[in-house]
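Residue-level listing of the chains:
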Amino acid sequence: MATRGERIFDIFLWLLAGLVFVVLYAPVAISALFSIVEVRRGDILWETATLEWYARLWQNQSIMDAIRLTLVVGATSVVLSAMLAVALALYVTREDALGRRFIELAVYLPFLLPPIVTGLALLMFFSQVGVSRGAVAVIIGHGAFVLAVIYRLVVTRLQSLPASLVEASSDLGATRWQTFRHVLWPQIAPAVVTGSILALALSFDETLITSFLAGNEMTLPIRLWAMMRVGFTPEINALVTVVLLVSIALTIVIGLRLRAGGRE
Amino acid sequence: MTVLLELDAVSKSYGATEVLRPTSLEVKDGEFLTILGPSGSGKTTILRLVGGFARPTAGRIRFDGADVTNVPTHKRPFNTVFQDYALFPHMNVARNVGYGLMLRRRPKREIENRVAETLEVVGLSGMLDRYPSQLSGGQRQRVALARALVCDPRLILLDEPLAALDAGLRRQMQLFLKSLQRQVRTTFLFVTHDQEEATTMSDRIVVMNVGHIEQIGTPRDIYYAPASRFVAEFFGDNNILGGTISDGRLQCALGAFPAPPALVEGSAALAAIRPEKVRLGTAAEPADIVFTAAVIDVVFAGAITQVLLRPNASPEAIITAKLTSGAAIGSLAPDASVEVRIAREDAVILPAASP
Ligand SMILES: Nc1ncnc2c1ncn2[C@@H]1O[C@H](COP(=O)(O)OP(=O)(O)OP(=O)(O)O)[C@@H](O)[C@H]1O
Ligand SMILES: [Mg+2]
């Protein structure tokens, strides 16, 4: 039985959670609202309600270009870093792995350093090796940034597997590759997918590193940034709403997947 | 019988710690050989070296005459039953058991037939579609066994495969494993720390102490003629009486036994006496040692009653007697004084220090 004190504490927790929720999501609601209706002198003019601004987004070539680049960057960098993350995780969890700490440091650093430092470091590196700013630089930059996330999830999954699974597989005649294909991959695939969605969400609204590397190309957040310098328009609110909804959708998917994974 | 597997002065060190001293061992074709020893004695280490999961620091391993010391695990022609079964959780029973054949690219039909046959041998027909999480411990055990058997290996390695089962199921699986081994005529290299399990199942037993072999022999050899104090104590709770050799006899606090001539005059030695060979009462049977002792405790365990005794002449040496239960023994009370008799032929005389 819950005592009175416990019940009051529970109510307090619920109130706190509700408050946090409101503070976090009020901006979303407000952007969404302003993208649909006009507000003049603090009054909401309901009769102006329209989805016209969303239609305009669709016709705005520069915004569509930004969306396309964001999707290309996200997909490419996530696929590349997922493959690299799996390879590194497989290597690091081997008993005879050399330089384990060094590899982990190299993987985590771009994620943990302030994005401004990571962005600047990548920019200097790229100009040294002759990679010019643009889509390729952004893809590599995002890849380095999100690698840590996928890597962490895959390593955790691999470490939770008993070593005897791999031993049993090779005992029954499997080569390393066959063991990966038939035993390890089915076990880590859910972690790779979850990590990739998480990485996609990070890549989708990454702004700072991108701003160093993008050059004349513009991803969605950069486009948004550029538009906001000119002034707030309902079109911006519509775009912000789209970005936020995509981010929220990805977050919900990740949350559900992580919970399902934890239940296994 | 020909030698199937041979360990030739194989040793294993991790860093500076030698967990297995140079060890030689021959496993004969078709035998049930058990490695028995306390925790940490190196049983798993030997099995892992044979399976190829670890490389020996020195020495050679030969299988059927061929040197396999550096052959990778997946090319070694024998299979392992792991202590945790190591079933693949995302595969059903049919795919788990068929895994080895699938890797060997056998035709689908053949795999299906072999899997069904093997599951029948282990008594699991009709469970093809179950996943490991839907099986009981004993059933998982059988799937692991079937998975190893299906490839028709000439040697199967089993690391304490019964340790996770409860006592009743364990007994049942022991009998099953033994009869299975006779039926399929495969050589079994079996690891356990359970002396009774080793005795009931094995053709021969290898008794291990920390990092080395103490004795190899049939269960009878080891039971009746332990080669060292360690074996005598580990294998069947022998009573140990310490003393010195003089006049060709082992002199101990409770009396003297004739000693084998190999033991040097003046050296420390001991007598190992099985608890069931300790006799009580005044029956006029010939005995080499007769002494009086106080009863400490009487423990009834069904057919056998265990009596703990404190000899008057040597109160620190507790003697255990295991006797057939009966009215006379049942009426023994703690602190009663009894006459204890031990015959020479029931004692094994050993040097005190291990050879
Ligand atoms: N990878 C390792 N690194 C260092 N020491 C190890 C390693 N593996 C085993 N050992 C040591 O080797 C010794 C023998 O271990 P082993 O696993 O062979 O014992 P065991 O006889 O199988 O014991 P148990 O009955 O507890 O399974 C132990 O002291 C153990 O700590
Ligand atoms: Mg072990």
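Model, not experiment: these values are computed from the prediction.

Quick look at the interface of chain A and chain B now. Contacts between the two partners involve 18 residues from chain A and, on the opposite side, 23 residues from chain B. With both sides pooled, the region where chain A packs onto chain B buries about 1,700 Å², and carbon together with sulfur makes up 58% of that total. Along the contact surface separating chain A from chain B lie 1 salt bridge. A salt bridge links Arg48 of chain B to Glu167 of chain A; the nearest nitrogen and oxygen atoms lie 2.8 Å apart. The interface formed by chain A and chain B holds 9 residue pairs in polar contact (both at pLDDT 80 or more) in total. In terms of residue count, helix 7 (residues 163-171) of chain A provides more of the side of chain A that touches chain B than any other element does, 7 residues in total. Of the residues assigned to the side of chain A that touches chain B, the class counts are 7 nonpolar, 9 polar and 2 charged.

Membership of the largest hydrophobic core comes to 82 residues, with the highest contact counts inside it found for Tyr151 and Leu213 of chain A together with Leu145 of chain B. The greatest single-element share of this core, amounting to 12 residues, is contributed by helix 6 (residues 135-160) of chain A. Ile245, Leu250, Leu323 and Ile342 of chain B belong to the second largest nonpolar core, which has 28 residues in total.

All names here are of chain B. By the assigned domains, chain B splits into domain 1 (3-229) and domain 2 (237-351). Between the C-alpha centres of domain 1 and domain 2 the distance comes to 39 Å. Taken residue by residue, the interface counts 7 residues in domain 1 and 6 residues in domain 2. In this assembly, domain 1 packs against domain 2 so that about 630 Å² is buried in total across both faces, 60% of it on carbon and sulfur atoms. Summed over the three residues of domain 1 that lose the most area to domain 2, namely Tyr223, Pro226 and Arg229, the buried surface amounts to 73% of that side. For the pair domain 1 and domain 2, the interface holds 0 salt bridges. In this structure, the connection of domain 1 to domain 2 is made through 2 residue pairs in polar contact (both at pLDDT 80 or more).

Let us now look at the site of ligand 1. All names here are of chain B. Around ligand 1, the neighbouring residues are Tyr14, Val19, Pro38, Ser39, Gly40, Ser41, Gly42, Lys43, Thr44, Thr45 and Glu160. One of the side-chain nitrogen or oxygen atoms of Thr44 is found 2.6 Å away from an oxygen atom of ligand 1. At 3.4 Å from an oxygen atom of ligand 1 is found a side-chain nitrogen or oxygen belonging to Glu160. With 3 residues, helix 1 (residues 43-51) is the single largest residue contributor to the shell around ligand 1. In terms of residue class, the shell around ligand 1 is made up of 3 nonpolar, 6 polar and 2 charged.

All names here are of chain B. The 4 strands are arranged 2-1-4-5 in an open sheet whose pairing can be described as antiparallel. Looking at which strands have only one partner, the edges of the open sheet turn out to be strand 2 (17-28) and strand 5 (66-67). As judged from the 2 bridges shared by strand 4 (residues 58-63) and strand 5, these two strands associate in the antiparallel manner. Counted as the bridge partner of Arg62 is Asp67 from strand 5. Contacts from helix 1 reach strand 1 (3-14), strand 2 and strand 4 within the one sheet, and its direction differs from that of strand 1 by about 115 degrees.

Here the focus is the pattern of salt bridges. Residues and elements named next belong to chain B. Enumeration according to the criterion identifies 20 salt bridges over all chains in this entry. A salt bridge links Arg62 to Asp8; the nearest nitrogen and oxygen atoms lie 2.7 Å apart. Of this pair, Arg62 sits in strand 4 while Asp8 sits in strand 1, and the two are 54 residues apart along the sequence. Note on Asp8: relative accessible area 29%, which makes it partly exposed. Here Glu31 ties to Arg204 by a salt bridge, and the two come within 2.9 Å at their closest N and O atoms. One end of the pair, Glu31, is in the loop between strand 2 and strand 3 (32-36); the other, Arg204, is in strand 9 (residues 204-209), with 173 residues separating them in the sequence. Comparing Glu31 with Arg204, the two get one shared label, buried. Taken together, the shared-partner salt bridges connect Glu6, Asp8 and Arg62 into one network.

Parameters at a glance
- Residues numbered from 1 in each chain as written.
- Chains lettered and ligands numbered in written order.
- Predicted model: local features only at pLDDT ≥ 70, side-chain atom pairs only at ≥ 80, totals over all residues.
- Heavy atoms only, no water.
- Contact = heavy atoms within 4.5 Å.
- Buried area = accessible area lost by both parts, 1.4 Å probe.
- Salt bridge = Lys/Arg side-chain N within 4 Å of Asp/Glu carboxyl O.
- Polar contact = N/O pair within 3.5 Å; in protein donor to acceptor, adjacent residues only side chain to side chain.
- Helix = DSSP H or I, 4+ residues; strand = E, 2+ residues; numbered from the N terminus.
- Nonpolar A, V, L, I, M, F, W, Y, C, P; charged D, E, K, R; others polar.
- Core = buried A, V, L, I, M, F, W, Y, C linked by side-chain atoms within 4.5 Å.
- Buried < 20%, exposed > 50% of the residue type's maximum accessible area, 1.4 Å probe, protein only.
- Domains from an automatic or database assignment.
- Near = heavy atom within 4 Å.
- Pairing = 2+ DSSP bridges.
- Axes fitted to C-alpha atoms, helices over the stretch in contact; angles between N-to-C directions.

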